[in-house]
Amino acid sequence: MSPILESRGLTKTFGAVTAARDISLSIEEDTVVGLIGGNGAGKTTFLNLVTGYLKPTAGTVRFQGRDITGMAPRRITRLGICRSFQIPQVFDTLTAYENLLVGLGIVSMGRKAFVGSNLGTARPEAVADEMLERFHLREYRDEPASVLPEGVRKLLDIAMALAVKPAILLLDEPTSGVSADEKFSLMDLVLGAIRADKVTVLFVEHDMDIVRRYTQRILAFYDGKVIADGDSATVLSNPEVRRLVVGEPAPEEGAAPC
Amino acid sequence: MSTILAVLVDGVIYASWLFVIATGLTLVYGVMRILNMAHGSLYALGAYAAASLAGAWLRAGWAPMGSYAMLVLAALLVGLVVGPLIERGLLRFCYGRDEVVLVLVTYALFLILEDVIKLVWGVESYFIYEPYGLLGNVEMGALSYPVYSAVLVGAAVLVGVLLRIGIYGTRYGKLLTAVIHDREVSAAMGINVNRVYLVTFTLGTMLAAIGGALTAPTVSVVPGMGVETIVLAFAVVVIGGLGSMQGAALGALIVGLVRSGAVHFFPQVELFSIYLVMALVLAVRPRGLFVAAEARKI
Amino acid sequence: MTSFRRTTLGLGVALLVMGLAAPLLPKWALFLVTIAIAKGMVALGLLLLMRTGLVSFGQGLYFAAGAYAAGVGSQALDLGDAVPMVLLGGLTAAAVAAGLGLLLARYRAIFFAMLSLAFSMILYGLLVKTSALGSTDGFNVAARTVFGLPIGSTLGRYGVYALAALCAFGAAVGLDRYLGSYLGRLAPAVRDNELRVEYMGASVRNLVHLNLVIAAAMAGVGGALTALAVGHIDPEMAYWTTSGEFVFVAILSGTASVAAPFAGAVLLELLRSFAYEHAPNTWQLVMGSAMLAVILFLPEGLWSIFRRRRRAAT
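Notes on the structure follow. (Residues numbered from 1 in each chain as written. Chains lettered and ligands numbered in written order. Predicted model: local features only at pLDDT ≥ 70, side-chain atom pairs only at ≥ 80, totals over all residues. Heavy atoms only, no water.)

1. Quick look at the overall build of chain B
Per the secondary structure count, chain B includes 12 helices and 2 strands. Seen in sequence order, chain B has helices and strands lined up from the N terminus as α-α-α-α-α-β-β-α-α-α-α-α-α-α. The C-alpha atoms of chain B give a radius of gyration of 19 Å, which matches the 19 Å a tight globule of 298 residues would have. The principal-axis extents of the C-alpha atoms in chain B amount to approximately 60 × 45 × 35 Å. Here chain B holds 298 residues, and the buried ones make up 53% of them. Put simply, 77% of the contacts in chain B that link residues at least 6 apart link residues at least 24 apart. Just so you have it, chain B exposes about 12400 Å², and 68% of that area is on carbon and sulfur atoms. (Helix = DSSP H or I, 4+ residues; strand = E, 2+ residues; numbered from the N terminus. Rg over C-alpha atoms; globule rule 2.2 N^0.38 Å. Buried < 20%, exposed > 50% of the residue type's maximum accessible area, 1.4 Å probe, protein only. Contact = heavy atoms within 4.5 Å. Areas by Shrake-Rupley, 256 points an atom, 1.4 Å probe, with all protein chains shown as cover.)

2. Comments concerning the environment of L48(C)
Residues and elements named next belong to chain C. Relative to the assigned elements, L48 resides in helix α2 (residues 27-51). The spacing of L48 and D176 is 128 residues in sequence and 9.9 Å in space, taken between C-alpha atoms. Among residues more than four places away in sequence, those in contact with L48 are L175, Y178, L179, N211, I214 and A215.

3. Some details on the packing of helix α6 (residues 147-169) of chain B against helix α9 (residues 193-215) of chain B
Residues and elements named next belong to chain B. Put simply, α6 and α9 touch, their axes get as near as 11 Å, and they point 170° apart. When the interaxial angle is binned, α6 and α9 end up roughly antiparallel. Facing α6, whose interface residues are Y148, L152, A155, V159 and L163, α9 presents L203, L207, A213 and L214. For the contact of α6 with α9, the residue count by class is 9 nonpolar, no polar and no charged. (Axes fitted to C-alpha atoms, helices over the stretch in contact; angles between N-to-C directions. Parallel < 35°, antiparallel > 145°, perpendicular 65-115°, else oblique. Nonpolar A, V, L, I, M, F, W, Y, C, P; charged D, E, K, R; others polar.)

4. Focus: the nonpolar core
Counting 278 residues, the largest nonpolar core has F135(A), I194(A), F57(C) and W240(C) as its most contacted members. Per-element accounting of this core gives the leading share, 17 residues, to helix α1 (residues 2-32) of chain B. Setting aside chain neighbours within four positions, we find W240(C) in contact with M37(B), Y107(B), F110(B), V227(B), I230(B), V231(B), L117(C) and M121(C). Formed by 29 residues, the second largest nonpolar core is a distinct cluster that contains I4(A), M71(A), I76(A) and L79(A). (Core = buried A, V, L, I, M, F, W, Y, C linked by side-chain atoms within 4.5 Å.)

5. Comments concerning the interface of chain C and chain A
Accessible area lost on assembly of the parts is the figure often given for the size of an interface. Contacts between the two partners involve 18 residues from chain C, matched on the other side by 28 residues from chain A. With both sides pooled, the region where chain C packs onto chain A buries about 2100 Å², and carbon together with sulfur makes up 62% of that total. For the chain C face of the interface with chain A, the top three residues by lost area are Y182(C), R196(C) and Y199(C), together amounting to 38%. Connecting chain C to chain A are 2 salt bridges. Here E198(C) and R74(A) are joined by a salt bridge, their closest N and O atoms 2.9 Å apart. At the boundary of chain C with chain A, the tally comes to 12 residue pairs in polar contact (both at pLDDT 80 or more). Going through the elements one at a time, α7 (186-192) and α8 (194-199) of chain C are the ones with two or more residues in the side of chain C that touches chain A. Of the residues assigned to the side of chain C that touches chain A, the class counts are 10 nonpolar, 3 polar and 5 charged. (Buried area = accessible area lost by both parts, 1.4 Å probe. Salt bridge = Lys/Arg side-chain N within 4 Å of Asp/Glu carboxyl O. Polar contact = N/O pair within 3.5 Å; in protein donor to acceptor, adjacent residues only side chain to side chain.)

6. Here we look at the packing of aromatic side chains
Each aromatic ring pair is specified by the distance between its two centres and by the angle formed by the two planes. All names here are of chain B. Evaluation of the coordinates by the stated rule reveals 17 aromatic pairs over all chains. Between W17 and Y43, the aromatic rings sit 5.9 Å apart at their centres with planes inclined by 75°, giving edge-to-face as the arrangement. Of the two residues, W17 is situated in helix α1 and Y43 in helix α2 (residues 39-59); the sequence distance between them amounts to 26 residues. Here W17 matches Y43 in class, with each residue buried. Summarising the aromatic geometry, the rings of Y107 and F110 are spaced 5.9 Å apart at their centres and angled 25° between planes, so their arrangement reads as stacked. (Phe/Tyr/Trp six-rings, centres within 6.5 Å; stacked < 30°, edge-to-face > 60°.)

7. Quick notes on the interface of chain C and chain B
Contact with chain C, which involves 43 residues of that partner, is made by 45 residues of chain B. Put simply, chain C and chain B have 0 salt bridges between them. If you look at where chain C meets chain B, you find 9 residue pairs in polar contact (both at pLDDT 80 or more). Residue assignment for the side of chain C that touches chain B shows that the elements contributing at least two residues are α5 (109-129), α8, α10 (240-253) and α12 (283-297) of chain C. With 15 residues, the single largest contributor to the side of chain C that touches chain B is α5(C).

8. As for the sheet that holds strand β2 (residues 17-28) of chain A
Residues and elements named next belong to chain A. Strand order in the open sheet made by the 4 strands is β2-β1-β4-β5, with antiparallel pairing throughout. The sheet is open, and its two edges are formed by β2 and β5 (66-67), each paired on a single side. Relative to β2, strand β1 (residues 3-14) runs antiparallel, the two sharing 8 bridges. Bridge pairing in β2 links T13 to T18. Against the sheet, helix α1 (residues 43-50) contacts β1, β2 and β4 (58-63), and its axis sits at roughly 115° relative to β1. (Pairing = 2+ DSSP bridges.)

9. Examining the sheet that holds strand β8 (residues 200-204) of chain A
Residue and element names in this part refer to chain A. Sheet architecture is open: 6 strands sit in the order β6-β7-β8-β3-β9-β10, paired in mixed fashion. Both edges of this open sheet fall to β6 (81-83) and β10 (225-231), since each of them pairs with a single strand only. On average, each strand axis in the sheet is inclined to that of its neighbour by 15°, with strand direction left out of account. Judged from the 3 bridges that link them, β6 and strand β7 (residues 168-172) form a sheet pairing that is parallel. In the strand pairing of β7, R83 is matched with L170. In this fold α1 packs onto β3 (32-36), β6, β7, β8 and β9 (217-222), with an angle of close to 145° to the strand it touches most, β7.

10. Focus: the packing of helix α4 (residues 99-121) of chain B against α10(C)
Running from amino to carboxyl end, α4(B) crosses α10(C) at an angle of 115°, the nearest separation of the two axes being 11 Å. The chirality of how α4(B) crosses α10(C) is left-handed. Contacts between α4(B) and α10(C) involve L104(B), Y107(B) and F110(B) on the former and, on the latter, W240(C), T241(C), G244(C), E245(C), V247(C) and I251(C). When its residues are assigned to classes, the contact of α4(B) with α10(C) shows 6 nonpolar, 2 polar and 1 charged. (Left-handed = near helix turned anticlockwise from the far one by under 90°.)

Rendered as structure tokens:
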């Protein structure tokens, strides 16, 4: 398998604060990768660096072998990297259906520029309806996004990113703000919808049960660094990860009750 | 040499006048996030009130020196009456709306005030030149300036100093700074934000009115005098950075000097030189000289 | 029937009615409607900007640019006919916006409003000091023919009126079509969430720039039509209060329908001619109060009254 996304020595500093330090990793095509870490570990910063919202202080990002470091988000999107957001970024005055049509319309206006989309010649309107169906959003089709419940906005946000059929999808905490008993059904729905298109997924998450269940591989971040990278079971049992990320005492020192 | 001196002196006098007006505009924006398009009309109200009061005083034959007190009194009156009236009667219903909507609200207010002034004072001009000449002239080299201009400069410095002390040196000023920084948190911490707004808008109105009252003796007070003033004040605060007091001071100086320079050297460009400077500053510093652009967190 | 077809049909009927009514209208009414349409063109451009989330207090710049281009063009290029004059007005204003847009498209909210105001005041300052263009007095503008018909002839009398009506029809139908296209639909998306639009692969700045140029072209055509109808132009057209009046019409009309700015402008001109006769010093008072009422109680503009009724009926 060849890496679809690759970062080398990616570093970002804000004044005295280093939000990402020397992050080197690669994501293989057609995999589901989880990215875990505590608050301020640099997870969202990493997504922002990859998608061009932030310019790295040092290091490079390559996508399908091509250097995309420092490109604007819209150019990176057109190459086939789409993302969702921790706080849903939807168009409040547009209906759910119109929200989906924004991205689809952009693709259909410029298929040549939008090289990263696998939409083919599908009609945007048909794809929008199909996405609503796939994400179980049909009943909200003609409701303005501003009145939708937060969980639905979250789904819509992800559906918008997936609708244009990118090569890789980056999800920023898809289950944050969703109640504990809804998390698994939400993730079943989301990953089912995404994997139907065989899109590569990298998702940021702080819920260990979620990453354990849905990923083949986990990257653990701490203080802007990658502290563990490997298959899910190995990373989750890594003592450093357990201590710094999961927030449990590592097994060998775990005798002391807390 | 004397031309350069004249440019500097004229520029500083003009800047003083602009500063007093612009500082009220920037204060209201800084605290309330309202870019008040009616600020020029409040300035005009101050000028009309001053012309009426000082005129009545002088016609009554009382000590001419007292007319200065009348100018100040007029400004205070306008501030204390009109400020709360507008804030309580209109603006408080609009808090929390988009900044652009608030601009439109104050634009509507501007239209209304322009006609209210005409209805109260009629369309003829008012002149009260006495306070302007009363203090005599002062010689600066080959140039002669009325002492009243020095009063204007002094008034601007006084306003600047008082505001600085008021904001950084008093308890109330600290509340104000807190509200500027974060309205919601301030309210949650128990600051009476509504009262802060009321006081701020009254103060802003008063500053506009002081600008108008002090100008009244130097010009003819006519309908529409606020129309040009407001766009000049905009230029000042936009150059300096909306909401910044230091910005208003620097912006006023820049605009004052640019204009007096243009008047002396390139009279053709006088009118638009100011806006040109504003456009240039914005091209380089999108939020003005004293305010940094902020990044959005996602 | 699609909403686009319905709008086109409605506007077509309006155009027909205007044509048929022309011989019945007194001269002052013809003039009033022509002026209203010209100003409605500017407000129509503002509608597009407002849908993009922008309010410009400087449309007077393009209005004046269009009028002066038509006036100067008729003399310098010896354009005798009104049609090329109006075209020239629209193109000039669009060219000005294409240039200024490089800077303006980077600004939003009050900064956009203030910067556009500053640019219009720069033009005002230039015009006032340019004696070749008549300084503060401006100069007279007249076309010899409209559509090739002499202005003085029986049919020619209706020429400018007809030209204005056709321009309005074309602009309204064109804009309606644009707003319904994928590109046009990005406008409200930009207003709601620019970041997401960028993350969907489109350039917000380019879109804003394009919409600025379209709005300016409409304002330029409006300015040229005004110049032809009034027969005179002066720098006041670029003054910020002129721009404020366009904003007034746009707020009054709301952004729901491309026909609304014209209805709003006709209403404004009717009210104005009435007020000038009976209470000249309360005209702005009425305007300001109306605007406050609309902002506070009908945030979507007067047009929303009709829409609500229609919705209630279905």
